[in-house]
Amino acid sequence: MAKDAGCYDQTGIDIDFRLPYVPIPPWIDIARAFDIVLNIVRPHPGAMVVDIGAGRGWAAKQFAIRGCHAVAVEINDDDQIGLGRSLALMQHAHVQYDLLIASSQRLPLADESFDIVFASAALHHSSSLETLLSEAARVLRRRGKLIAIHEPCIADHVTPEQDAPNIAQETAYNIHESRPKLDDYRHALRQAGLRELALFNHELYGASIEDMQQWAANYRLSLLTADQIAMLRRRRTPALWQIIRVLLSRLQQLPDTTLVPPQDWMDQYYRHVGGSLTIIAQKP
């Protein structure tokens, strides 16, 4: 598919050395979502991170730059658009991370050996979301985090027939492509024994109350209630109780989701409109 699109050969091209920080779609959104989850979870130097469905390994490289011990897992070993390209990425960035050619649904990794399982636009390519997330849970340590960004989430009313044109290009190349709904993701997380911490659209992270109300109006969603608005104002006020809550969450190794929109409002958006999904979950 990359060859047919004329973007296969990376020789002499430095775009993938800068990923995800390149000002072209879809990387603008991917970079924004990546920075948000880093800000929320704050991986510490020495953290064990596995990047599943890693592609060229750009995320593993970024975690390695931040001092983490990263492992990139990818089924495609191609030296231009697969895991083989990681060798050039590592050399350019002067970092090291481990490479594993394997399926994310059968990870050749020890139980409870990682602090973070990361995926970028990879979950929906799995033939079994439940199997993949169960493998993620297996290799996570207690209180370890699953982080997934840039995952498609389609509205509840969309049928497979209506969605078929959106996946036609990749399925024509025998690439497995699915477009789960919100309940599909939630069911798979529960089946894997992972606790949902936040499901949200990165575009709304840190949004003002006025911005959220404008989104609601644009998509004909219910406007925020007076209670929700009051809660948001409290969450965005640097009061003493808020500082204490954030400190306690960090002591408990829970992410600081202060700037994440209310979950019930976010659920309404995904059920009626759909969009790019960011997932943060934890192994109890």
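Here we summarise the structure given alongside this text. This one's a predicted model, so the numbers in the text were calculated from it and none came from an experiment.

Considerations on the pattern of salt bridges
Here's step 1: Overall, the coordinates contain 11 salt bridges when judged by the stated rule.
Here's step 2: A salt bridge links R18 to D14; the shortest N-O distance between them is 3.6 Å.
Here's step 3: Given a relative accessible area of 38%, R18 falls into the partly exposed group.
Here's step 4: In this structure, R271 and D156 form a salt bridge, with 3.3 Å as the shortest nitrogen-oxygen distance.

Side note on helix 8 (residues 182–191)
Along an α-helix, residues three or four positions apart point the same way, because every turn accommodates 3.6 residues.
Here's step 1: Burial in helix 8 covers these residues: L182, Y185, R186, A188 and L189. The buried residues of helix 8 occupy an angular sector of 165° when projected down its axis, which confines them to one face. Exposed side chains of helix 8 directed beyond 90 degrees from the buried face belong to R190 and Q191.
Here's step 2: As for helix 8, its buried residues are in contact with helix 6 (129–139), strand 5 (140–153), strand 6 (195–200), helix 12 (263–272) and strand 7 (275–282).
Here's step 3: One or two positions beyond helix 8, positive phi appears at G193, with a value near 80°.

Details of the sheet that holds strand 2 (residues 69–74)
Here's step 1: Across the sheet, 7 strands lie side by side as 3-2-1-4-5-7-6; this open sheet has mixed pairing. Across the chains shown, the open sheet's two edge strands, defined by having one partner strand only, are strand 3 (98–101) and strand 6. Each strand of the sheet is rotated relative to its neighbour by a mean of 15°, with strand direction disregarded.
Here's step 2: Contacting strand 5, strand 6 and strand 7, helix 12 crosses the sheet at an angle of about 60° to strand 6.

A look at the environment of V49
Here's step 1: Structurally, V49 is set in strand 1 (residues 48–52).
Here's step 2: Taking the C-alpha atoms as reference points, V49 and S113, 64 residues apart in sequence, are found 9.1 Å from one another.

A closer look at helix 9 (residues 209–218)
Here's step 1: For helix 9, the complete set of buried residues consists of I209, M212, W215 and A216. Down the axis of helix 9, the sector holding all buried residues measures 120°, keeping them to one side.
Here's step 2: For helix 9, the side-chain oxygen to backbone nitrogen distance between the N-cap and D211 is 3.0 Å, and the N-cap itself is S208.
Here's step 3: Count one or two residues on from helix 9 and you reach R220, which has phi positive near 60°.

Observations concerning a nonpolar patch on the surface
Here's step 1: A cluster of nonpolar side chains, contributed by M1, Y173 and I175, occupies part of the molecular surface with about 230 Å² of accessible area.
Here's step 2: Relative to the elements of secondary structure, M1 occurs in the segment before helix 1 (2–5).

Focus: the packing of aromatic side chains
Here's step 1: Applying the stated criterion across every chain yields a total of 11 aromatic pairs.
Here's step 2: Measuring from centroid to centroid gives 5.2 Å for F34 and W58, while their planes differ by 75°, and the two rings are edge-to-face. Of this pair, F34 sits in helix 3 (residues 27–41) while W58 sits in helix 4 (residues 58–65); the two residues are 24 residues apart in sequence, bridging distant segments of the chain.
Here's step 3: Of the residues examined, F34 reaches a relative accessible area of 0% and is grouped as buried.
Here's step 4: For W58, a relative accessible area of 7% gives the class buried.
Here's step 5: With 5.7 Å between their ring centres and 70° between their planes, Y219 and Y269 make a pair best called edge-to-face. A residue pair is termed long-range when its members are at least 10 positions apart, and Y219 in the loop between helix 9 and helix 10 (226–235) and Y269 in helix 12 qualify at 50 residues.

Definitions and limits used
- Residues numbered from 1 in each chain as written.
- Predicted model: local features only at pLDDT ≥ 70, side-chain atom pairs only at ≥ 80, totals over all residues.
- Heavy atoms only, no water.
- Salt bridge = Lys/Arg side-chain N within 4 Å of Asp/Glu carboxyl O.
- Buried < 20%, exposed > 50% of the residue type's maximum accessible area, 1.4 Å probe, protein only.
- Helix = DSSP H or I, 4+ residues; strand = E, 2+ residues; numbered from the N terminus.
- Arc of directions from axis to C-beta.
- Contact = heavy atoms within 4.5 Å.
- Pairing = 2+ DSSP bridges.
- Axes fitted to C-alpha atoms, helices over the stretch in contact; angles between N-to-C directions.
- Polar contact = N/O pair within 3.5 Å; in protein donor to acceptor, adjacent residues only side chain to side chain.
- Patch = residues over 30% accessible without salt bridge, like charges linked within 9 Å, V, L, I, M, F, W, Y side chains within 5 Å.
- Areas by Shrake-Rupley, 256 points an atom, 1.4 Å probe, with all protein chains shown as cover.
- Phe/Tyr/Trp six-rings, centres within 6.5 Å; stacked < 30°, edge-to-face > 60°.

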